[in-house]
Amino acid sequence: MEKAALLETITALIPNAKVIEEGVDRPAIELPPAHLPEAAKLLHDTDDFAFDMLCAHTAIDRIDDGKFELIYQLYSTKFHHYLMLSVKVDREHPVVPSVSSVWRIAQWHEREVYDLFGVLYDNHPDLRRLFLEDDWQGHPLRKDYRDDFMLTME
Amino acid sequence: MEIKEHSTAISEASPEFHQRDMLLNVGPAHPAMHGIIRIIAKTSGEMVVDSEVEIGYLHRAFEKSCEDTTWNQALVYTDRLNYVSACINNVGYCMAVEKLLEVTLPPRGQYIRTLLCEISRISDHLTCVGASAMELGAFTVFLYMIKGREFLWELIEEYCGARVTTMATRVGGMPHDLPEGWLDKLTWTISEIRTILSECHTLLTKNRIFVERMEDIGVVSKENAVAWGFTGPCGRASGIEYDVRKDFPYLVYHEFDWTVPVGKRGDNMDRYLVRMEEMEQSLRILEQCRDKIPAGRVSVDDKRITLPDKQDTYGNIEGLINHFKLIMYGHGVRVPQGEVYFPVEGANGELGFYIVSHPDAHSTDGCNGMPWRVRCRPPCYNMVAGLRPMINNYMIADIVPTFGSVNMIGGELDR
């Protein structure tokens with residue numbers, strides 16, 4: 001589907017979705033965290049979009065705004081179109097619902113984001129660290145992360 | 001005496017003794033695990049009934065390191081992602097940054113990138129097929145294919161001076177033009193690779209030992225492949241017709257005549273056949289690329305991005321200042337605010353770079369000299385995540401060919 005038509009259909013179906021226009025290269029919408037599970041299900045199941053593949057999921061530490069921005073890159077193997085989904089959560093209490101029941105690969109992606117950013121996923125079947133040791137202290141990709149081994153330029 | 005007692009004990013044991021499940025650790029440092037990964041298999045007799053995959057042994061903070069480098073310095077880390085086809089990583093990262101900068105390479109630069117990408121792709125497939133054939137006992141194939149890979153790496157070495165960690169591109173272009181006689185050497189290499197491929201086809205494709213270890217082993221249905229996000233040869237073997245080079249053409253792939261091989265069954269044999277056919281297609285791209293390559297610049301003509309010629313750096317003050325402005329600490333390429341996701345077709349599948357430029361407190365022009373966030377979408381991550389259903393309910397010995405056909409690369413998986 002074309003970008004404009006795609007965004008129009010999505011906002012009609014998911015009223016809470018807000019279209020992001022600036023600074024992005026692809027169709028992008030922003031969602032409040034509470035609406036993520038139902039929106040994910042709609043995007044996956046509705047035949048008009050059929051976003052059946054979660055390409056990538058990651059987080060950005062927007063430390064100036066006190067938020068983590070969670071990014072979901074969706075792709076449809078049927079229609080060959082992309083969508084970027086952005087969800088902002090509070091840095092102090094980073095809890096979002098898991099989408100691993102919709103896209104299975106999200107299990108690993110969410111473990112990775114939990115490992116490196118400390119974002120907690122509700123209803124995740126097995127939320128453990130993915131890369132680092134289980135007893136690692138802190139979450140290294142946070143901008144304010146410091147440990148004894150880091151070399152900093154300050 | 002002891003041995004005798006022990007054997008009697010086993011034969012007289014109750015039937016439950018034989019049915020008891022056993023936990024088997026494969027890896028982290030096992031010869032059949034390319035790189036370091038741990039598979040914990042719960043076995044019942046020879047069958048794997050359940051398994052768990054543990055990764056992270058090669059985690060070296062790629063994404064965190066990139067946040068403390070300039071845009072060009074981060075290129076060095078991208079070499080170490082997929083170290084068998086490093087040029088594709090370089091190209092993917094550079095094109096993502098160039099998309100943020102809104103610059104496009106001159107045609108000759110794009111052709112050179114295409115050449116390097118396809119050479120890397122063939123060398124990656126040769127390594128994957130060769131290594132998995134070796135694990136099934138076909139050592140000759142391994143040697144033939146590594147010989148072919150060496151020819152390809154010699155080409156890359158001649159271009160950029162390194163075989164593995166290439167750093168073959170720069171943000172906004174290529175470091176230099178092709179060396180003299182390079183294209184003739186490419187012609188020779190293409191014919192050598194063709195010979196090697198036909199030899200290996202003869203050795204493997206109808207070889208009964210090989211086929212029986214590969215066919216109907218590690219089957220992934222199309223539905224499962226989509227759910228786990230399989231792309232590249234593994235996805236195409238399961239029937240997902242998705243190739244970034246066709247679906248979202250970048251560089252100059254749309255100018256060439258080539259096809260995307262797609263499998264049906266999604267088993268190890270299909271993954272092998274798809275890789276073999278892809279190498280042939282890559283050779284076709286290389287030939288067309290060689291014939292069509294235009295003359296001209298290889299980098300964008302923008303002094304804020306591209307280093308000046310060496311004779312300018314050493315010959316006049318403007319060139320020297322230009323050089324320093326791009327090299328010295330605190331200077332360098334400055335990228336406007338924004339975020340971009342750019343996928344390229346890596347040897348294993350979709351290799352995406354999600355890059356965020358976010359001006360820091362020192363920024364006066366709204367641009368940033370360092371990435372705020374670099375996220376690599378490693379293609380083999382999805383295949384390793386989906387490895388569990390591929391090895392469950394097969395035999396222990398089947399882990400080896402299945403794992404080989406997934407082509408896990410520790411560098412890009414663990415980052």
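Residues numbered from 1 in each chain as written. Chains lettered and ligands numbered in written order. Predicted model: local features only at pLDDT ≥ 70, side-chain atom pairs only at ≥ 80, totals over all residues. Heavy atoms only, no water.

S.K.: Is there a simple way to think about the overall build of chain B in this case?
M.R.: Counting secondary structure elements, chain B contains 19 helices and 8 strands. Relative to the globule expectation of 22 Å for 415 residues, the C-alpha radius of gyration of chain B, 24 Å, shows essentially globular dimensions. Taken along its principal axes, the extent of the C-alpha atoms in chain B is 90 × 50 × 45 Å. Across chain B, contacts joining residues at least 24 apart in sequence account for 71% of those joining residues at least 6 apart. A total accessible area of about 16,900 Å² is found for chain B, and carbon and sulfur atoms account for 55% of it. Positive and negative side-chain charges in chain B, numbering 42 and 56 respectively, have mean positions lying 2 Å apart. (Helix = DSSP H or I, 4+ residues; strand = E, 2+ residues; numbered from the N terminus. Rg over C-alpha atoms; globule rule 2.2 N^0.38 Å. Contact = heavy atoms within 4.5 Å. Areas by Shrake-Rupley, 256 points an atom, 1.4 Å probe, with all protein chains shown as cover. Lys, Arg positive; Asp, Glu negative; His and termini not counted. Charge placed at Lys NZ, Arg CZ, Asp CG, Glu CD.)

S.K.: It is not clear to me how the overall build of chain A should be interpreted in this structure. Could you clarify?
M.R.: Helix and strand counts for chain A come out as 3 helices and 7 strands. Along the chain direction, N to C, the helices and strands of chain A fall in the order α-β-β-α-β-β-β-β-α-β. Projecting the C-alpha coordinates of chain A onto the three principal axes gives extents of approximately 50 × 35 × 25 Å. Pairs at least 24 apart in sequence give 49% of the contacts found in chain A among residues at least 6 apart. Here chain A displays about 7,200 Å² of accessible surface, and carbon together with sulfur accounts for 49% of that area. A distance of 1 Å separates the average location of the 16 positive side-chain charges in chain A from that of its 29 negative side-chain charges.

S.K.: Whenever I open this one, the domain arrangement of chain B confuses me. Can you help?
M.R.: By a widespread convention, an interface's size corresponds to the accessible area lost as its parts come together. All names here are of chain B. Taken domain by domain, chain B consists of domain 1 (2–52) and domain 2 (53–413). Each of domain 1 and domain 2 was reduced to a C-alpha centroid, and the two centroids are 38 Å apart. With 21 residues of domain 1 at the interface, the matching set in domain 2 holds 22 residues. Roughly 2,000 Å² is buried in total at the junction of domain 1 and domain 2, and carbon and sulfur atoms are behind 63% of that figure. The largest contributions to the domain 1 side of the interface with domain 2 come from His34, Ile37 and Val48, which together make up 30% of the buried area. If you look at where domain 1 meets domain 2, you find 2 salt bridges. Residue Glu54 is joined to Arg38 by a salt bridge in which the shortest nitrogen-to-oxygen separation is 3.4 Å. (Domains from an automatic or database assignment. Buried area = accessible area lost by both parts, 1.4 Å probe. Salt bridge = Lys/Arg side-chain N within 4 Å of Asp/Glu carboxyl O.)

S.K.: Which parts of the structure should I look at to understand the environment of B:Met276?
M.R.: Residue position: B:Met276 is located in helix 13 (residues 268–292). Sequence separation between B:Met276 and B:His125 is 151 residues, and the spatial gap between their C-alpha atoms is 7.6 Å.

S.K.: Where do I start with helix 15 (residues 317–327) of chain B in this structure?
M.R.: An α-helical turn contains 3.6 residues, so a residue and the one three or four places further along point in the same direction. All names here are of chain B. All of the buried residues along helix 15 are Gly319, Asn322, His323 and Leu326. Down the axis of helix 15, the buried set is contained in an arc of 100 degrees. They therefore lie on one face. On its buried face, helix 15 sits against helix 14 (310–315). (Buried < 20%, exposed > 50% of the residue type's maximum accessible area, 1.4 Å probe, protein only. Arc of directions from axis to C-beta.)

S.K.: Explain the sheet that holds strand 6 (residues 350–357) of chain B to me, please; I cannot follow it from the model alone.
M.R.: Two modes of strand pairing occur in sheets, parallel and antiparallel, and in both the strands are linked by backbone hydrogen bonds. Residue and element names in this part refer to chain B. In spatial order, the strands read 5-6-8; together these 3 strands make up an open sheet with antiparallel pairing. Two strands bound the open sheet, and with one partner strand each, they are strand 5 (338–345) and strand 8 (373–377). Strand-to-strand twist of the sheet, defined as the mean angle between neighbouring strand axes without regard to direction, takes the value 10 degrees. The pairing of strand 5 with strand 6 spans 8 bridges and is antiparallel. Residue Val344 lies in a different strand from strand 6, and its bridge partner there is Leu351. Helix 5 (residues 86–101) contacts strand 5, strand 6 and strand 8 of the sheet and is inclined by roughly 145 degrees relative to strand 5. (Pairing = 2+ DSSP bridges. Axes fitted to C-alpha atoms, helices over the stretch in contact; angles between N-to-C directions.)

S.K.: When you look at the interface of chain B and chain A in this model, what are you seeing that I'm missing?
M.R.: Between chain B and chain A, the residue contacts involve 42 residues of the former and 44 residues of the latter. When chain B packs against chain A, the two sides together hide about 3,700 Å² of surface, and 56% of this comes from carbon and sulfur. The interface formed by chain B and chain A includes 5 salt bridges. The partner of A:Glu112 in a salt bridge is B:Arg415, with the nearest N and O atoms 3.1 Å apart. On the surface where chain B and chain A come into contact, there are 21 residue pairs in polar contact (both at pLDDT 80 or more). Mapped by element, the contributors of at least two residues to the side of chain B that touches chain A are strand 3 (47–54), helix 3 (62–66), helix 10 (222–227), strand 5, strand 6, strand 8, helix 16 (379–385) and helix 19 (410–414) of chain B. Broken down by element, the side of chain B that touches chain A gets its largest block of residues, 5 residues, from strand 5 of chain B. Class assignment of the residues belonging to the side of chain B that touches chain A gives a composition of 20 nonpolar, 8 polar and 14 charged. (Polar contact = N/O pair within 3.5 Å; in protein donor to acceptor, adjacent residues only side chain to side chain. Nonpolar A, V, L, I, M, F, W, Y, C, P; charged D, E, K, R; others polar.)

S.K.: How should I be thinking about the pairing of strand 2 (residues 38–44) of chain B in this particular structure?
M.R.: Moving residue by residue along a regular strand, the side chains alternate between the two faces of the sheet. Residues and elements named next belong to chain B. Across 5 bridges, strand 1 (residues 22–26) lies against strand 2 in antiparallel orientation. When the bridges of strand 2 are listed, Leu23 appears paired with Lys42. Hairpin connection from strand 2 to strand 3: 2 residues lie between these consecutive antiparallel strands, with Gly45 at a positive phi of about 65 degrees.

S.K.: Looking at this model, I keep getting lost on the packing of helix 6 (residues 107–135) of chain B against helix 13 of chain B. Mind explaining?
M.R.: Two quantities define a packed helix pair, namely the angle between the helix axes and the distance between the axes. Residues and elements named next belong to chain B. Across the interface, helix 6 lies against helix 13 with an axial gap of 9 Å and an inter-helix angle of 155 degrees. By the angle between their directions, the pair helix 6 and helix 13 is classed as roughly antiparallel. For the pair helix 6 and helix 13, the sense of crossing is left-handed. Contacts between helix 6 and helix 13 involve Tyr111, Thr114, Leu115, Glu118, Ile119, Arg121, Ile122, His125, Leu126, Cys128 and Val129 from the former and Tyr272, Arg275, Met276, Glu278, Met279, Ser282, Leu283, Ile285, Leu286, Cys289, Arg290 and Lys292 from the latter. (Parallel < 35°, antiparallel > 145°, perpendicular 65-115°, else oblique. Left-handed = near helix turned anticlockwise from the far one by under 90°.)

S.K.: What's the story with the pattern of salt bridges in this structure? I'm lost.
M.R.: Any two side chains of opposite charge can pair, on the condition that their charged atoms come close. All names here are of chain A. Throughout the structure, instances matching the rule amount to 37 salt bridges over all chains. A salt bridge links Arg129 to Asp115, with the shortest nitrogen-to-oxygen separation between them at 2.8 Å. Within this pair, whereas Arg129 is found in the segment after strand 7 (120–122), its partner Asp115 is found in helix 3 (residues 106–117), the two being separated by 14 residues in sequence. Note on accessibility: Arg129 and Asp115 belong to one class, buried.

S.K.: How should I be thinking about the pairing of strand 5 of chain B in this particular structure?
M.R.: Residues and elements named next belong to chain B. Here strand 5 lies mainly inside the structure; 8 of its 8 residues are buried. Burial along strand 5 is two-sided: the face carrying Gly338, Val340, Phe342 and Val344 and the face carrying Glu339, Tyr341, Pro343 and Glu345 are both buried. Taking the residues between adjacent antiparallel strands as the criterion, strand 5 and strand 6 are bridged by 4 residues, where Gly349 takes a positive phi near 145 degrees.

S.K.: Explain the nonpolar core here, please?
M.R.: One broad trend across soluble globular proteins is that nonpolar side chains are buried collectively. One finds A:Leu70, A:Tyr72, B:Phe353 and B:Ile355 to be the most contacted residues of the largest nonpolar core, which totals 166 residues. Each of domain 1 (2–52) and domain 2 (53–413) of chain B contributes no fewer than three residues to this core. (Core = buried A, V, L, I, M, F, W, Y, C linked by side-chain atoms within 4.5 Å.)

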